[in-house]
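Each chain is listed here by its residues.
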Amino acid sequence: MLLFFVFYNLVLISAVILLLPVIIAAFLIQPKFRAGFFEKIGFYNIKPENKHTIMFHAVSVGEVNAVETLIKRTREEFPESRIVLTTTTKTGQEIARKKLSNTVDVITYFPYDFVFSVFSLLHKVKPDVILIAETEIWPDFMYIAKRMEIPAYIVNGRLSPNSYKGYKKFSFFFKPILGLYKGILMQTEGDAQRIREVGAKPEITKVMGNLKFDINKNIDDAAIESLKNEMELAQNRLIIAASTHKGEDEILLDAFCEIKKEFPDVKFMIAPRHPERYDSVENLIQNTGFSYGKRSSRNNFAQNEIIMLDTMGELMKFFSICTFAFIGGSFSTTGGHNPLEANIWDKPVLSGDCVFNFKDIYAFLTKTKAAKLVKTPEELKKAMKHLLEDETYYKDACADAAKIFEQNRGAVDFVINTLKMSEKSS
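Here's a quick rundown of the structure. (Residues numbered from 1 in each chain as written. Predicted model: local features only at pLDDT ≥ 70, side-chain atom pairs only at ≥ 80, totals over all residues. Heavy atoms only, no water.)

### Side note on the nonpolar core
What counts is decided by this rule: Nonpolar cores are built from buried Ala, Val, Leu, Ile, Met, Phe, Trp, Tyr and Cys residues. Side-chain atoms within 4.5 Å join them into one set. Burial status follows relative accessibility: with a 1.4 Å probe on protein chains alone, a residue under 20% of its type maximum counts as buried, one over 50% as exposed, and anything between as partly exposed. Helix numbers and strand numbers start at the N terminus; a helix is a DSSP run of H or I with at least 4 residues, a strand a run of E with at least 2. In this analysis, two residues are considered to be in contact whenever any of their non-hydrogen atoms come within 4.5 Å of each other.
Counting 38 residues, the largest nonpolar core has Met231, Leu238, Ile240, Met269, Phe318, Phe319 and Ile321 as its most contacted members. Elements with a minimum of two residues in this core: helix H12 (221-231), strand E8 (237-244), strand E9 (266-272), helix H15 (315-319), strand E12 (324-327), helix H16 (340-343), helix H17 (359-365) and helix H19 (391-408). The contacts of Ile321, once residues within four sequence positions are left out, are Ile224, Leu227, Lys228, Met231, Leu233, Leu238 and Lys347.

### Quick notes on the packing of aromatic side chains
Here is the rule: Here a Phe, Tyr or Trp ring, Trp counted by its six-membered ring, pairs with any other such ring whose centre lies within 6.5 Å, and the pair is stacked when the planes are under 30 degrees apart, edge-to-face when over 60, and tilted otherwise. Look at NZ for Lys and CZ for Arg. If either is within 6 Å of the ring centre and within 35 degrees of the ring normal, a charge sits over the ring.
Inspection of the entire model under this criterion finds 17 aromatic pairs. Summarising the aromatic geometry, the rings of Phe27 and Phe37 are spaced 5.2 Å apart at their centres and angled 85° between planes, so their arrangement reads as edge-to-face. Pair noted here: Phe27 is in helix H2 (residues 20-29) and Phe37 is in helix H4 (residues 37-40), with a separation of 10 residues, a long-range link. Ring geometry for Phe114 against Phe116: centres 5.5 Å apart, planes inclined by 5°, an arrangement best described as stacked. Residue placement shows Arg158 over the ring face of Phe358; its charged tip is 5.1 Å from the ring centre.

### Digging into a nonpolar patch on the surface
Filter applied, for reference: Residues with no salt bridge and a relative accessible area higher than 30% make up the patches, which join like charges within 9 Å and nonpolar side chains (Val, Leu, Ile, Met, Phe, Trp, Tyr) within 5 Å. Note on areas: these come from Shrake-Rupley sampling with a 1.4 Å probe, and a residue is covered only by the protein chains present in the view. By definition here, a salt bridge exists when the distance from a side-chain nitrogen of Lys or Arg to a carboxyl oxygen of Asp or Glu is within 4 Å.
Judged by side-chain polarity, Leu18, Leu19, Leu20, Val22, Ile23, Ile24, Leu28 and Ile29 come together as a nonpolar surface patch covering roughly 810 Å² of accessible area. Counting residues per element, the nonpolar patch draws most heavily on H2, which supplies six residues. Structurally, the position occupied by Val22 is in helix H2.

Coordinates in, geometry out; function isn't part of it.
Laid out in structure tokens, this is it:
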């Protein structure tokens, strides 16, 4: 085992030296690569405390959203514990601070996977248990945590069929790392079987369900009504194009232009996935000829047909006032994004057919009317029209979305019970 990690670190250091010019250029050109740099290399301004500590790691926005309810429940169940949350990305930090700064005690960056930076974080935080969202596998981090006798769990783990192919080829590399976890808690039996085949021990690999089914609505009925009034939506119906990627904005805007001819009451909101694309998407919106505004400027639908959602952390609440949503990353090769954040509001979703990141969830959703996958822009327009013109079908789709959450809650309880058992055994 020791030889494995010595070899890994030699390869890692060699790769950094070899790629140093590229790394420096990336730091100079892309500000997001500089975010949290000093923390990531080990300069953590965290005061050690002699207190029971639970550490969560959620790499970026999606993972932070997934563990939000779990972290809040952990605070309720372990009120005397210190809770530390790390993320890898700048946007993950921003969402974490916006949503969880009043719940957790420390929010900081996850270290680069070097022995010195990992040791620095774990020495400062002194976690009694570590929960890592989804399938983040870092050799040095796990090796040092194991040496420090800190139990670590993968929670809400997933391993898509596409990712599995790559992991399986390097199972000789992943198997010793996976053996360092105290528990590997996967979303579905398919995920669990795939990670067992990569090298996870069967006795520690369990199916916990999906934390995303345990998400809570983040605003109440009064706030929903207030949001409708703020946006001056009145009796208009709203379509949201959520988390769109390059190439999808044109498809969605074209669909809206056609829909608008037949359904003049419909309004449109588009939320690009990446902030650096806001300007290019705004140019596309201008080309439609429709009046438009931006959320960052607090524009509403009174005088505008289109609003671009160019703020962070607000998409989920806007799902509460939409008629239905298109979930992006699915007409590209990205693999889709989480449809449940719209379904939680009893709203049906449409998506392209490239959804391998959420294949199991979509397989479940599309057995009902809660979600529909479309292969082409023409199919998308047809599906949109169906939801807008067939009131009975639309009501059934909304009802199916509601039933999904009634039938699939429980993942948060599974993790909380695992934490309690870990405490008893320590």
